[in-house]
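# Residue-level structure breakdown
Residues per chain are reported as follows:
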Amino acid sequence: MGYAGQISLGHEAFLGGGALASDALTPATRTGLPFLIAVPAAAAAGAGVAFLIGLPALRLRGLYLAVVTIAFSFTMTESIFRAKAIGGGSAGIALPRPQVNDFIFTRNADYLGVLFALLALLWWFDTNLTRTTLGRAFRAIKSDESVAASFGVDVTKYKLAAFALSGAMAGVAGLMTGHLFGTVNSESFLYDRSLLLVVVVVVGGLGSRVGVFTAAAFYALYPALMPHVFGRKILGYDVV
């Protein structure tokens, strides 16, 4: 739906892969490695899951590809993420807040600063990506795969690259989401929530970073702002 024109309804699987990868790398979990190492590890895990889900993209397009991606996400959330060795079973896994030396980001305001720093970094990366050969190849594939191939664009390679990059970003988001709530399990990344991400992208505007960011911020802030704007009741109903 973005630069390369591939439709994915399985992004919750990418988020879950990033969060579960952090379980093996962050402090107070298993190996005690620094939190910063978990960020590229989550990106790699998300990219790996996305690579697997991107393999059908070599032959499928449009609605068929969307069905395959959501089926893959359903499989991940209903089986792999539920495995005790991977997702901790019904109890889930504990993901503590990030720590730098002796400072722990326990306050939400401090953690928000980390999130904005990562957002700025990924925004910069995405902006520059569109100006590279890779970005131009993505746009060519989105316009017309046959024409792109006739100009020497390796459609197969770039399709997989698009899924892997998308999965890497989603993996980082999953990592930060897991550490925000402190505990994740198979219910934290349900496949049907991928549809919410699609709605945010469509409402914000396909390929528009500012639009998607605005739509996501509105969705996140709307429940908190409604009571203050309209009062505790709207059309006679309580606002919760």
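Now for a quick tour of the structure.

All told, the structure shown has three aromatic pairs when counted by the stated rule. Between Phe 138 and Tyr 158, the aromatic rings sit 6.4 Å apart at their centres with planes inclined by 90°, giving edge-to-face as the arrangement. In this pair, Phe 138 is assigned in helix 6 (residues 133–143) and Tyr 158 in helix 8 (residues 155–181), connecting sequence segments 20 residues apart. For the pair Phe 138 and Tyr 158, a shared accessibility class is recorded, and that class is buried. A cation over an aromatic ring shows up here: Arg 97 above the ring of Tyr 111, its NZ or CZ 4.7 Å from the ring centre. Over the ring of Tyr 158 we find Lys 157, and its NZ or CZ is 5.0 Å from the ring centre.

Attention now moves to the layout of surface pockets. Space inside the second largest pocket adds up to approximately 190 Å³. In terms of lining, the second largest pocket is formed by Val 39, Ala 43, Leu 118, Leu 121, Leu 122, Phe 125, Leu 165, Ala 168, Met 169 and Val 172. Those elements that provide at least two residues to the lining of the second largest pocket are helix 2 (35–54), helix 5 (108–129) and helix 8. Grouping the constituent residues of the lining of the second largest pocket by class yields 10 nonpolar, no polar and no charged.

Conventions adopted
- Residues numbered from 1 in each chain as written.
- Predicted model: local features only at pLDDT ≥ 70, side-chain atom pairs only at ≥ 80, totals over all residues.
- Heavy atoms only, no water.
- Phe/Tyr/Trp six-rings, centres within 6.5 Å; stacked < 30°, edge-to-face > 60°.
- Helix = DSSP H or I, 4+ residues; strand = E, 2+ residues; numbered from the N terminus.
- Buried < 20%, exposed > 50% of the residue type's maximum accessible area, 1.4 Å probe, protein only.
- Lys NZ or Arg CZ within 6 Å of the ring centre and 35° of its normal.
- 1 Å grid on protein atoms, 1.4 Å probe; cavity = no way out; pocket = protein on both sides within 12 Å on 5 of 7 lines; lining within 4 Å.
- Points joined across faces, edges and corners; volume = space filled by probe spheres on them.
- Nonpolar A, V, L, I, M, F, W, Y, C, P; charged D, E, K, R; others polar.

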